[in-house]
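Next come the chains, spelled out residue by residue.
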Amino acid sequence: MWAVIFIPFIAFVLYWLIASKKPKKRQWLEVKAPLESGKRTLLEQNVAYYNGLNDKEQFRFETRVQEFLLNHNVYGIKTELEDLDYLLVASSAIIPIFQFDNWRYTNIREVLIYPDTFNHNFETEGAGRRILGMVGTGYMNGVMILSRKALRDGFSNTSDKRNTAIHEFVHLIDKMDGYIDGVPEILLKQSYCIPWVNLIREKIEEMRLRKGDINPYGATNEAEFFAVVSEYFFERPKLLKSKHPELYALLEKMFDKEMTKKNLFLKRNDISRNDPCPCGSGQKFKKCCG
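Since the model is a prediction, treat every value here as computed from it, not as a measurement.

Below, the discussion takes up the sheet that holds strand 1 (residues 73–76). What the 4 strands build is an open sheet, ordered 1-2-4-3; its pairing is mixed. Since the sheet does not close on itself, it has two edges, and those belong to strand 1 and strand 3 (133–135), each with one partner. Across the sheet, the axes of successive neighbouring strands diverge by a mean angle of 15°, strand direction being ignored. Inspection of the sheet shows strand 3 paired to strand 4 (residues 143–147) by 3 bridges, in the antiparallel sense.

This brings us to the pairing of strand 4. Counting buried positions along strand 4 yields 5 of 5 residues, so the element is predominantly enclosed. Burial along strand 4 is two-sided: Val 143, Ile 145 and Ser 147 and Met 144 and Leu 146, pointing in opposite directions, are all buried. Of the strand pairs in this sheet, strand 2 (residues 110–114) and strand 4 are connected by 5 bridges, and their pairing is parallel. The partner of Leu 112 across the bridge, within strand 4, is Ile 145.

Moving on, we get to the layout of surface pockets. Estimated volume of the largest pocket: approximately 760 Å³. Forming the boundary of the largest pocket are 28 residues, of which Leu 132, Gly 133, His 167, Glu 168 and Tyr 217 lie nearest the centre. Contributions of two or more residues to the lining of the largest pocket are made by strand 3, helix 6 (148–156), helix 7 (164–175) and helix 9 (222–235). For the lining of the largest pocket, the residue count by class is 9 nonpolar, 12 polar and 7 charged.

A full pass over the atoms with the stated rule returns 13 salt bridges. The salt bridge partner of Arg 40 is Glu 62, with a shortest N-O separation of 3.1 Å. Note that Arg 40 is positioned in helix 2 (residues 37–46) and Glu 62 in helix 4 (residues 55–71), a separation of 22 residues in sequence. Under the relative-accessibility criterion, Arg 40 is labelled partly exposed at 26%. We classify Glu 62 as buried; its relative accessible area is 4%. A salt bridge links Lys 161 to Asp 213, with the nearest nitrogen and oxygen atoms 3.8 Å apart. Residue Lys 161 is found in the loop between helix 6 and helix 7, and its partner Asp 213 is found in the loop between helix 8 (190–209) and helix 9; the two are separated by 52 residues along the sequence. A single salt-bridge network, built from bridges that share partners, covers Glu 82, Asp 85, Arg 148 and Arg 152.

What counts and what doesn't
Residues numbered from 1 in each chain as written. Predicted model: local features only at pLDDT ≥ 70, side-chain atom pairs only at ≥ 80, totals over all residues. Heavy atoms only, no water. Pairing = 2+ DSSP bridges. Helix = DSSP H or I, 4+ residues; strand = E, 2+ residues; numbered from the N terminus. Axes fitted to C-alpha atoms, helices over the stretch in contact; angles between N-to-C directions. Buried < 20%, exposed > 50% of the residue type's maximum accessible area, 1.4 Å probe, protein only. 1 Å grid on protein atoms, 1.4 Å probe; cavity = no way out; pocket = protein on both sides within 12 Å on 5 of 7 lines; lining within 4 Å. Points joined across faces, edges and corners; volume = space filled by probe spheres on them. Nonpolar A, V, L, I, M, F, W, Y, C, P; charged D, E, K, R; others polar. Salt bridge = Lys/Arg side-chain N within 4 Å of Asp/Glu carboxyl O.

Encoded structure:
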């Protein structure tokens, strides 16, 4: 009789102990103040996509940039980060999902910024350092690693159809359905999945047979193709539509954006050599980016 009473009691205690140790769901932090004017200036000078938005959209973009930084950690590894680095990381995250108001990156907790290229062992010195960015797997799951140089180059060069940070965040979007396979089911309506897969295969075959204007790294596999053409879509949309109209049309449906209607540019203000550098380093322009 005691066993009948005692065993269920022990089972209840064990269940309570296990349940009490489960990690609590992380609370999503909300933005409580507008973006500082100095940081807004940094966006104007470094993020062409931001300048293509109207006033209301810019305010929403600023809010979402701050929200990303409140809820995700960004660390410098062997490099001291500046305001510009944080803003560029967050902008890279927000640009692809800007049309989706309730989007949250639940599959990433932190971004690590290395000074330059690194290898598969995350080493920043020695041979084999060719990686500009990557989404971690296994014990590195939930972590993104970016080269600081590649991060900045991706935004300063607005004509090369390349942006490493956007590329990596597109991989995270692709991963939201459980697989990084180039078919982001969370963005694609079912009726577009087969046309998209067929188009990917067609374009990869073209890239392997002859040289085109799409970054050849996109021919590696379907996942890399999706990330590469997404860079192209957000950086040179009019050129993409002109050269690859079918590809542009499907990307427009995925990201819900008429990118060709946006006027993408960077504001270039005249800066004296002795003025504070706009990157936010605190140094004079002549001793920093100048």
